[in-house]
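Coordinates in review
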Amino acid sequence: MEGKKPKILLCEDDQNLGMVLKNYLELNDFDVTLERDGRLGLAAFQRERFDLCLLDIMMPHMDGFTLAEEIRDVDPDIPLFFLSAKTMKEDIIQGYKLGADDYITKPFDSEVLLLKIKAILKRNEEVNKEQENKEYDLGEYHFNPKLRELSHNGKTQTLSPKENELLKMLCEHMNDLLPREQALKKIWGSDTYFNGRSMDVYIAKLRKYLKDDDSIEIVNIHGNGFRLVVPVA
């Protein structure tokens, strides 16, 4: 996040609280998009890329829990932080079951909220750095995402940025489903027909690069996404 402000999606239907939080976070060097309900929040998430989502639970049109499920379908790794007037144990448990990184009940201290957000972003940044440095053995191939290199029998193929990011996502979901929408949103920015056709072209390129090892396969799960099948040692 060096060199740019972390982007936060803030969904809060209380107009006064929403503006106070937005202004406070912006004064502390965050770039904040404020939406008043869950449907608008989802639309904003589909338009832009964020570093963290700060979601009120009780909102019109779509509540925070439903919004969180929709967001997780697109990006399973983005940090989620719930704001709520609810203190019921069941609601807190539901939030964490949906993958919440933290949960705070109203009224709350803005400084405490800020410290919690910074801690989540720092932890997420460290995880991302670990992922960036991770290398993969794919049958007879070796893949180094940081250098964008795919090596086989002493020969090295330098991948384009999109090829590299797509293969990296497939490796992160190795032998499991990489949802089509998730890859399109993260690499191409949106889940449109034309971007989908573009991704299909890149999948074909990766299959060509990996063709010298018959044990490796990129399987198209029709309508859902792709699965990188690699034999487990």
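Here the structure is a predicted model, which means the values were calculated and not measured.

Time to look at the domain arrangement of the chain. Partitioning the chain into domains gives domain 1 (7-132) and domain 2 (135-229). Centre-to-centre separation of domain 1 and domain 2, based on C-alpha positions: 30 Å. Contacts between domain 1 and domain 2 engage nine residues on the former and nine residues on the latter. Buried surface at the junction of domain 1 and domain 2, summed over both partners, amounts to about 870 Å²; 43% is from carbon and sulfur atoms. Joining domain 1 to domain 2, the criterion identifies zero salt bridges. One can count three residue pairs in polar contact (both at pLDDT 80 or more) joining domain 1 with domain 2. Taken together, the elements giving at least two residues each to the side of domain 1 that touches domain 2 come down to helix 2 (38-47), helix 3 (64-74) and helix 5 (110-133). For the side of domain 1 that touches domain 2, a count of residues per class yields three nonpolar, two polar and four charged.

Bringing the side chain of Asn144 into the picture now. Inspection of the secondary structure puts Asn144 in strand 7 (residues 141-144). Overall, Asn144 belongs to the buried group, its relative accessible area being 12%. Looking at Asn144, its side chain comes within polar contact range of the side chain of Glu135, at 3.2 Å. The residues touching Asn144, leaving out its near neighbours within four places in the chain, are Glu135, Glu149 and Asn164.

Once that is clear, we can look at a negative patch on the surface. Together, Glu69, Glu70, Asp73, Glu181 and Asp191 make up a negatively charged patch on the protein surface. In terms of residue count, the dominant contributor to the negative patch is helix 3 (three residues). Along the chain, the position of Glu70 falls in helix 3.

Time to look at the pairing of strand 7. For strand 6 (residues 136-138) and strand 7, the ladder comprises three bridges, and the chain directions are antiparallel. Across the sheet, Leu138 pairs through a bridge with Tyr141, a residue of strand 7. Counting the residues that bridge the hairpin from strand 6 to strand 7 gives two residues, and of these Gly139 lies at a positive phi of roughly 60 degrees. When strand 7 meets strand 8 (residues 149-152), the two strands line up antiparallel, connected through four bridges. The residue bridging His142 from the neighbouring strand is Ser151, located in strand 8. Linking strand 7 to strand 8, which pair antiparallel, is a turn of four residues; within it Arg148 sits at a positive phi near 60 degrees.

With that settled, the discussion passes to the packing of aromatic side chains. One pass over the structure, following the stated rule, counts five aromatic pairs. Arranged with centres 5.2 Å apart and planes meeting at 75 degrees, the rings of Phe65 and Phe82 form a pair that is edge-to-face. Highlighted residues: Phe65 in helix 3 and Phe82 in strand 4 (residues 80-84), separated in sequence by 17 residues. In terms of burial, Phe65 and Phe82 fall into one category: buried. Taken together, a centroid distance of 6.3 Å and an interplanar angle of 55 degrees make the contact between Phe82 and Tyr103 tilted. Here Phe82, found in strand 4, pairs with Tyr103, found in strand 5 (residues 102-105); they are 21 residues apart in sequence, far enough to count as distant. For the residue pair Phe82 and Tyr103, the accessibility class agrees, reading buried in each case. Through a chain of ring-to-ring contacts, three or more aromatic side chains come together here, namely Phe65, Phe82 and Tyr103. Taking NZ or CZ as reference, Lys185 lies 4.3 Å from the ring centre of Phe45, over its face. Above the ring of Tyr202, the side-chain terminus of Lys205 is found at 4.7 Å from the ring centroid.

Here we take up the UniProt feature "domain: OmpR/PhoB-type" (unreviewed entry) in the chain. Taking the UniProt record as the reference, the feature "domain: OmpR/PhoB-type" (unreviewed entry) is found at residues 133-230. Within the segment residues 133-230, helix and strand shares are 40% and 29% respectively, and the terminal C-alpha atoms sit 20 Å apart.

Definitions and cut-offs
- Residues numbered from 1 in each chain as written.
- Predicted model: local features only at pLDDT ≥ 70, side-chain atom pairs only at ≥ 80, totals over all residues.
- Heavy atoms only, no water.
- Domains from an automatic or database assignment.
- Contact = heavy atoms within 4.5 Å.
- Buried area = accessible area lost by both parts, 1.4 Å probe.
- Salt bridge = Lys/Arg side-chain N within 4 Å of Asp/Glu carboxyl O.
- Polar contact = N/O pair within 3.5 Å; in protein donor to acceptor, adjacent residues only side chain to side chain.
- Helix = DSSP H or I, 4+ residues; strand = E, 2+ residues; numbered from the N terminus.
- Nonpolar A, V, L, I, M, F, W, Y, C, P; charged D, E, K, R; others polar.
- Buried < 20%, exposed > 50% of the residue type's maximum accessible area, 1.4 Å probe, protein only.
- Patch = residues over 30% accessible without salt bridge, like charges linked within 9 Å, V, L, I, M, F, W, Y side chains within 5 Å.
- Areas by Shrake-Rupley, 256 points an atom, 1.4 Å probe, with all protein chains shown as cover.
- Lys, Arg positive; Asp, Glu negative; His and termini not counted.
- Charge placed at Lys NZ, Arg CZ, Asp CG, Glu CD.
- Pairing = 2+ DSSP bridges.
- Phe/Tyr/Trp six-rings, centres within 6.5 Å; stacked < 30°, edge-to-face > 60°.
- Lys NZ or Arg CZ within 6 Å of the ring centre and 35° of its normal.
- UniProt positions renumbered as here; feature names shortened; annotations may be inferred.

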